[in-house]
Amino acid sequence: MSSALTHILSNECPICHKGKVFTDKNIFLTFGLPKMNEYCSHCNYKFQKEPGYFFGAMYVNYGLTVAQGIATYCIAQFFFEKISI
């Protein structure tokens, strides 16, 4: 586990541990998002995100948004009077 964490923090390829994932030397001290290499320079492995990478985040975000909306509605009912039209 510690060797895997070391490879991740040192920006090394997950397959050969010799090429670099990002073009920047130090990805922690850059402004903005780091630029990612398309292929490993040593083993030619193609770096890409997994299919469906953001689906889990979308479900969690939807659930938190609905919970926040319901909580806001319940709290706001105590501060505003009901108006009948």
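Here, the structure is the one placed above.
Residue indices begin from 1 for each chain and proceed along its sequence in written order. Per-residue local features of the predicted model are confined to residues with pLDDT of at least 70, and side-chain atom pairs are confined, for both listing and counting, to 80 or more; whole-chain, interface and lining totals are unaffected and use all residues. In computing side-chain properties, one takes all heavy atoms of the structure into account and sets aside hydrogens as well as water.

A count of helical and extended segments in the chain gives 2 helices and 0 strands. Whereas a compact globule of 85 residues would reach a radius of gyration of roughly 12 Å, the chain reaches 23 Å, over 25% beyond that. Seen through its C-alpha atoms, the chain measures out along the principal axes to roughly 70 × 30 × 25 Å. Contacts between residues were defined by any pair of non-hydrogen atoms, one from each residue, lying within 4.5 Å. For the chain, contacts bridging at least 24 residues in sequence account for 25% of all contacts bridging at least 6. The Shrake-Rupley method, run with a 1.4 Å probe, gives the accessible areas here. Residue values count only the displayed protein chains as cover. On the chain, roughly 7,900 Å² of surface is accessible, and the fraction owed to carbon and sulfur atoms is 65%. Between the mean site of the 7 positive side-chain charges and the mean site of the 5 negative ones, the chain shows a separation of 7 Å. Numbering goes from the N terminus for both helices and strands, where a helix is a DSSP run of H or I of at least four residues and a strand is a run of E of at least two. Taken over C-alpha atoms, the radius of gyration is set against a globule rule of 2.2 Å times the number of residues to the power 0.38. We treat Lys and Arg as the positive residues and Asp and Glu as the negative residues; His and chain ends play no part in the count. A charged residue contributes its charge at one atom only: NZ of Lys, CZ of Arg, CG of Asp or CD of Glu.

What follows covers unusual backbone geometry. Here N11, not a glycine, exhibits a phi torsion of approximately 65 degrees, which is positive. Structurally, the position occupied by N11 is in the loop between α1 (2-9) and α2 (55-79). With phi around 60 degrees, H17 is a residue other than glycine that occupies positive phi space. Looking at where H17 falls in the secondary structure, it is placed in the loop between α1 and α2.

Turning next to the environment of M36. Its place among the elements puts M36 in the loop between α1 and α2. Under the scheme applied here, a residue whose accessible area is under 20% of the maximum for its type counts as buried, over 50% as exposed, and between as partly exposed, the area being computed with a 1.4 Å probe on protein chains only. Among the residues examined, M36 registers a relative accessible area of 38% and is labelled partly exposed. For the pair M36 and K20, spaced 16 residues apart in the sequence, the C-alpha separation amounts to 8.9 Å. Those residues in contact with M36, other than ones at most four positions away along the chain, are V21, F22, F47 and Q48.

With that settled, consider the packing of aromatic side chains. Only Phe, Tyr and Trp rings take part, Trp by its six-membered ring, and two of them pair if their centres are within 6.5 Å. Stacked means planes under 30 degrees apart, edge-to-face means over 60, and tilted covers everything else. Enumeration according to the criterion identifies 1 aromatic pair in this entry. A centroid spacing of 5.8 Å and a plane angle of 75 degrees characterise the contact between Y45 and F47, whose relative ring orientation is edge-to-face.

The next thing to look at is the state of the cysteines. Joining two cysteines, a disulfide is a covalent bond between their sulfur atoms. Cysteine sulfur atoms are paired as a disulfide whenever they fall within 2.5 Å. The full count for this structure, using the stated rule, is 0 disulfides. Left without a disulfide partner, C40 is nearest to the cysteine sulfur of C43, which lies 3.7 Å away. Note on C40: relative accessible area 3%, which makes it buried.

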